[in-house]
Amino acid sequence: MQAGLKRADLKQHIARVAARLFCEQGIHAVGVDRIADEAQITKRTLYHHFSSKNQLIAESLRVSPIVFFPDEGPAVERMIGAFEMLACFLEETDFRSCPYIFYTAELVDARHPARAIIERRIAKRLTWFRDRALEAGAARPDRLAEQLDILFDGALAAGAKRGNTQPARAALDAARTLIALSLQPSTVAARSSRATR
């Protein structure tokens, strides 16, 4: 057993071990016996902290690595920075891409508690892109947000399949183009307005 860990720390330790195993071998292929063994605890201790494997799966998703987005700077730089951070994430993580992707692929039951977490986080990411697009003055912020979000997801999935950062780099170039095109109409309109004053 993991000696000296407080209850909250032990719970997080178990969830992190589960997240790693789920990533390496698949959610359905890994049982609670294996998780308890890897975490160096008894199965009874595991069930003391998690009432079911489904609850453990949900908690493991919460502690899985994610791509953090820039929280400072101009809106355009932050949107582009999200794709730069995506490339760094794919370079540094041992996980096979974004946990949202492979958890969703394995958890086909839409009522699974982990699926609700995924839906909330994806909605939050889309809102983040929309808010930045609005700040930047995009002509159609909702459309740009959808485009960037799909591009982001696609780069994660392709990066996982290829095992390198090339898709993220390509997505970065595409994001720059999409953002520039989205901002162009408002920029042209502003210039026309100044010219007629």
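Residues numbered from 1 in each chain as written. Predicted model: local features only at pLDDT ≥ 70, side-chain atom pairs only at ≥ 80, totals over all residues. Heavy atoms only, no water.

1. Things to note about the overall build of the protein
- The number of helices and strands found in the protein is 9 helices and 0 strands.
- Reading the protein from its N end, one meets helices and strands in the order α-α-α-α-α-α-α-α-α.
- For the protein, buried positions account for 41% of its 197 residues.
- Once local pairs closer than 6 in sequence are excluded, the contacts in the protein between residues at least 24 apart make up 67%. (Helix = DSSP H or I, 4+ residues; strand = E, 2+ residues; numbered from the N terminus. Buried < 20%, exposed > 50% of the residue type's maximum accessible area, 1.4 Å probe, protein only. Contact = heavy atoms within 4.5 Å.)

2. Observations regarding the packing of aromatic side chains
- Per the stated rule, a full pass over the model turns up 8 aromatic pairs.
- Residues F83 and F152 carry aromatic rings whose centres are separated by 5.5 Å and whose planes lie at 70° to one another, so their mutual orientation is edge-to-face. Remark: F152 occurs in helix α8 (residues 141-162) and F83 occurs in helix α5 (residues 75-92); sequence separation between them is 69 residues. Residue F83 shares its accessibility class with F152, and that shared class is buried.
- Taking the centre distance of 5.4 Å and the plane angle of 80° together, the rings of W128 and F129 count as edge-to-face. This pair shows no difference in class: W128 is buried, exactly as F129 is.
- Here the aromatic residues F69, F83, W128, F129 and F152 are joined through ring pairs into a cluster of three or more.
- Its guanidinium or amino end placed over the ring of W128, R132 lies 5.2 Å from that ring's centre, counting from NZ or CZ. (Phe/Tyr/Trp six-rings, centres within 6.5 Å; stacked < 30°, edge-to-face > 60°. Lys NZ or Arg CZ within 6 Å of the ring centre and 35° of its normal.)

3. Here's the deal with helix α1 (residues 7-25)
- Between its first and last C-alpha, α1 extends 27 Å over 19 residues, near the 27 Å set by a 1.5 Å rise per residue.
- Within α1, the full set of buried residues consists of L10, I14, A15, V17, A18, A19, L21, F22 and C23.
- Packing partners of the buried residues in α1 comprise α2 (32-39), α3 (43-49), α4 (53-63) and α6 (99-106).
- Following α1 by one or two positions, G26 adopts a phi angle in the positive range, close to 105°. (Expected span 1.5 Å × (residues − 1).)

4. Some remarks on the environment of Q147
- Turning to its location among the elements, Q147 is positioned in helix α8.
- With a relative accessible area of 27%, Q147 lands in the partly exposed category.
- Note: C-alpha distance between Q147 and A175 (28 residues apart in sequence) is 8.6 Å.

5. Observations concerning the pattern of salt bridges
- Counted according to the given criterion, the structure contains 13 salt bridges.
- One salt bridge in this structure joins E24 and R20, with 3.6 Å as the shortest N-O distance. One end of the pair is E24 and the other is R20, both in helix α1 and 4 residues apart, which spans about a single turn.
- Among the charged side chains, a network of salt bridges with common partners joins R20, E24, R34 and E38. (Salt bridge = Lys/Arg side-chain N within 4 Å of Asp/Glu carboxyl O.)

6. Regarding the packing of helix α7 (residues 113-136) against α8
- Two elements in contact, α7 and α8, have axes whose closest approach is 8 Å; the angle formed by their N-to-C orientations is 130°. Between α7 and α8, the crossing angle belongs to the class labelled oblique. In this structure, α7 crosses over α8, and the sense of that crossing is right-handed. Here α7 contributes I122, R125, L126, F129, R130, A133 and L134 to the contact with α8, which in turn contributes P141, D142, L144, A145, E146, L148, D149, F152, D153 and L156.
- Residues belonging to the contact of α7 with α8 are distributed by class as follows: 11 nonpolar, no polar and 6 charged. (Axes fitted to C-alpha atoms, helices over the stretch in contact; angles between N-to-C directions. Parallel < 35°, antiparallel > 145°, perpendicular 65-115°, else oblique. Left-handed = near helix turned anticlockwise from the far one by under 90°. Nonpolar A, V, L, I, M, F, W, Y, C, P; charged D, E, K, R; others polar.)

7. Some remarks on the confidence of the model for the protein
- In this model, the protein carries a mean pLDDT of 87, and residues with pLDDT of at least 70 account for 89%.
- By mean pLDDT, helix α9 (residues 166-195) is the weakest element of the protein at 75, and α2 is the strongest at 97.
- Scored below 50 in pLDDT, residues 186-197 shows 1 contact in the model against residues more than four places distant or in partner chains. (pLDDT = per-residue confidence, 0-100.)

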